[in-house]
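Letter by letter, the chains look like this.
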Protein chains: 2
Amino acid sequence: MIEAADKKREQILDKALTRFAHFGINKTTMNEIADDLAISKPSLYYYFPDKISLAVAVAGKIFDEFFRRLNSIKENAGSTKNALFAIIELRKEYFEKYYMLHLTESTTELNINNESFRKLMEESREKEKTSIQEVFTKDESLSQFPAEPIADLYLDSIMGLGMFLMAKQTKQLLPETKGLEEVIAKQKALTEIFLDGLANRA
Amino acid sequence: MIEAADKKREQILDKALTRFAHFGINKTTMNEIADDLAISKPSLYYYFPDKISLAVAVAGKIFDEFFRRLNSIKENAGSTKNALFAIIELRKEYFEKYYMLHLTESTTELNINNESFRKLMEESREKEKTSIQEVFTKDESLSQFPAEPIADLYLDSIMGLGMFLMAKQTKQLLPETKGLEEVIAKQKALTEIFLDGLANRA
DNA sequence: ATTTGACTAATTAATTCAAAAAGTCAAAAG
DNA sequence: CTTTTGACTTTTTGAATTAATTAGTCAAAT
């Protein structure tokens, strides 16, 4: 019964995701996940060969959902600017939701040395770049220059701005209630100037 | 003889700078600095109350020199673009030169909790922002919109891009011979689009 | 094919302790 | 009175040891 096994795998993924999102990967033990599901640890290991595989599978699930949303935005957003703004909001949503997994920076959780995780992250970044690229390509008024390096530069700039501002706030002792809002605002402001800059060259 | 004391302080600063730049602050001991100068440790402590004060004084010296160069660029560069490009190169030069002091990111060296260091860094960032702001203000074609938020956004974007790309490269196992060159290239590319974007709005 | 109790192996966290480095002081030298 | 120092104390750092937790395995059972 391959179907049933898949269903169980999904159940495990769901429970694991919940714990990971709450406490992070390192602070979640395989025993806890097994207990949550009211199964034994060996059962858990029957479905996933090790903890990293489980974590990578969870991360993969999150990315799948993310890219489904991203594609939907890409297809339906009216203008280029609207699309890029919506993508900024989407990234924010996922950042807040899965903050504990540190899927963004590669510092602590999920040892960066791990091959399959690094691959997943790399592929995801590539995928996101391609999506952004398609957003630019769709815009006829920007068809003059190659979309790939532009998308690359845009994405690096937006991500860098996000990382930088977050880092700045973290090491500040001041109130950070607004926090993400400032990041989003600046990312949008940069997006606007960026698009104007391209339009100006066209 | 206040004059002689100042001269000695300068000598100490110079030697300390050399060691700090080579080995980093943490890996340099007060004994080594004293030995370099052929004086005893208590003598060293006669001029600087503690190691942090010494390190902060060294960092201050570096920043002073940096801002002297920055101002010279600001005064002499022809176009706005030239000025911003030259500043990017200047930052690169200082980053390479004083890499070991980690004056940029606030991770390891010089405990970020230290009050006087945090103050120095904050003031320096503010100063740099003001300089960039003046570069924008000088450009009559951009006099329509407020220079302050524009300079702020530009600086955050450029710094973020730099940090982000460096972090990316660090955690990559690939050749990084080019390394900084890619960073500089992208910072310049973003600068161009940014300026075009402003021009387009004006 | 799936599950588990009872195990082992590997990692992580806490503790100890010695070495290194920071920092002090009373006395001396110019 | 300013500057310097040998000899000292206090703190910090890092390696080594150990205890505890957690990852991962296996033979047997359903």
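The rules we used
Residues numbered from 1 in each chain as written. Chains lettered and ligands numbered in written order. Predicted model: local features only at pLDDT ≥ 70, side-chain atom pairs only at ≥ 80, totals over all residues. Heavy atoms only, no water. Helix = DSSP H or I, 4+ residues; strand = E, 2+ residues; numbered from the N terminus. Buried < 20%, exposed > 50% of the residue type's maximum accessible area, 1.4 Å probe, protein only. Contact = heavy atoms within 4.5 Å. Areas by Shrake-Rupley, 256 points an atom, 1.4 Å probe, with all protein chains shown as cover. Near = heavy atom within 4 Å. Polar contact = N/O pair within 3.5 Å; in protein donor to acceptor, adjacent residues only side chain to side chain. Least-squares fit on C-alpha atoms with pLDDT ≥ 70 in both. Nonpolar A, V, L, I, M, F, W, Y, C, P; charged D, E, K, R; others polar. Axes fitted to C-alpha atoms, helices over the stretch in contact; angles between N-to-C directions. Parallel < 35°, antiparallel > 145°, perpendicular 65-115°, else oblique. Buried area = accessible area lost by both parts, 1.4 Å probe. Salt bridge = Lys/Arg side-chain N within 4 Å of Asp/Glu carboxyl O.

S.K.: Explain the overall build of chain A here, please?
M.R.: The helix and strand inventory of chain A stands at eight helices and zero strands. For chain A, the α and β elements follow one another from N to C terminus as α-α-α-α-α-α-α-α. Relative to its full complement of 202 residues, chain A shows a buried share of 44%. Summarising the internal contacts of chain A: among those between residues at least 6 apart in sequence, 69% fall at separations of at least 24. Accessible area for chain A stands at about 10,600 Å²; split by element, carbon and sulfur atoms hold 53% of it.

S.K.: Before we go on, may I ask you to explain the protein's contact with DNA strand D in this structure?
M.R.: As a matter of local geometry, DNA strand D sits amid 17 residues, with Met30(A), Lys51(A), Pro42(B), Tyr46(B) and Tyr47(B) nearest to it. What you see for DNA strand D is that sugar and phosphate hold 59% of its atoms within 4 Å of the protein. Between DNA strand D and Met30(A), the relevant distance is 2.8 Å, taken from a phosphate oxygen to a main-chain nitrogen or oxygen of the residue. Between DNA strand D and the protein, one listed contact pairs a phosphate oxygen with a backbone N or O atom of Ser40(B) at 3.0 Å. Breaking the surface near DNA strand D down by element, the ones donating at least two residues are α3 (41-47) of chain A together with α1 (2-23) and α3 (41-47) of chain B.

S.K.: Can you walk me through the relation of the copies chain B and chain A in this structure?
M.R.: Of the two same-sequence chains, chain B is brought onto chain A (RMSD 0.1 Å, axial shift 0.0 Å) by a rotation of 180°. Such values leave the two copies arranged in the relation of a two-fold axis. Scanning chain B for the C-alpha nearest the rotation axis identifies Gly197(B), at a separation of 1.7 Å. Interface overlap between copies: 100% of the residues of chain B at the interface are likewise at the interface in chain A, consistent with a symmetric, same-surface contact.

S.K.: Can you walk me through the protein's contact with DNA strand C in this structure?
M.R.: Near DNA strand C, the surroundings consist of 18 residues, among which Pro42(A), Tyr46(A), Tyr47(A), Met30(B) and Lys51(B) are the closest. Within 4 Å of the protein, atoms of DNA strand C come from sugar and phosphate in 60% of cases. A distance of 3.0 Å is found between a phosphate oxygen of DNA strand C and a backbone nitrogen or oxygen belonging to Ser40(A). Within the side chain of Tyr45(B), a nitrogen or oxygen atom sits 3.1 Å from a phosphate oxygen of DNA strand C. Broken down by secondary-structure element, the contributors of at least two residues to the surface near DNA strand C are α1 (2-23) and α3 of chain A together with α2 (30-36) and α3 of chain B. In terms of residue count, the dominant contributor to the surface near DNA strand C is α3(A) (four residues). Residues that form the surface near DNA strand C fall into these classes: nine nonpolar, five polar and four charged.

S.K.: I would appreciate a short explanation of the packing of helix α5 (residues 80-97) of chain B against helix α6 (residues 115-138) of chain B in the present structure.
M.R.: Two quantities define a packed helix pair, namely the angle between the helix axes and the distance between the axes. Residues and elements named next belong to chain B. Packing of α5 against α6 leaves a shortest axis separation of 9 Å and a crossing angle of 155°. Between α5 and α6, the angle falls in the class roughly antiparallel. Across from Thr80, Ala83, Leu84, Ile87 and Arg91 in α5, the residues of α6 making contact are Glu128, Ile132, Val135 and Phe136. Looking at the contact of α5 with α6 residue by residue, the classes come out as six nonpolar, one polar and two charged.

S.K.: Help me out: how do you make sense of the interface of chain B and chain A in this one?
M.R.: Often, the extent of an interface is quoted as the loss of accessible area upon association of its parts. Every contact between the two is made by 30 residues of chain B and, on the other side, 30 residues of chain A. For the pair chain B and chain A, the two sides together bury roughly 2,700 Å², of which 65% comes from carbon and sulfur. The tally of links from chain B across to chain A stands at six salt bridges. For Lys186(A), the salt bridge goes to Asp156(B), with nearest N and O atoms at 2.6 Å. At the boundary of chain B with chain A, the tally comes to six residue pairs in polar contact (both at pLDDT 80 or more). Among the elements of the structure, α6, α7 (147-170) and α8 (180-201) of chain B are those that each provide at least two residues to the side of chain B that touches chain A. The dominant element in the side of chain B that touches chain A, judged by the number of residues it contributes, is α7(B), at 13 residues.

S.K.: Explanation requested: the environment of Lys51(A) in the structure shown.
M.R.: Residue and element names in this part refer to chain A. Relative to the helices and strands, Lys51 is located in helix α4 (residues 51-76). We classify Lys51 as partly exposed; its relative accessible area is 25%. Taking C-alpha positions, Lys51 is 29 Å from Met159, a pair spaced 108 residues apart along the chain. Discounting chain neighbours no more than four positions away, the residues touching Lys51 are Ile25, Asn26, Thr28 and Met30. A distance of 3.1 Å separates the side chain of Lys51 from the backbone oxygen of Ile25, its partner in a polar contact.

S.K.: I would appreciate a short explanation of the environment of Arg69(A) in the present structure.
M.R.: Residues and elements named next belong to chain A. Within the secondary structure layout, Arg69 lies in helix α4. The exposure class assigned to Arg69 is partly exposed, which follows from its relative accessible area of 34%. As for Arg69 and Leu90, which are separated by 21 residues in sequence, their C-alpha atoms are 8.0 Å apart.

No statement about biological role is implied by the geometric values presented.
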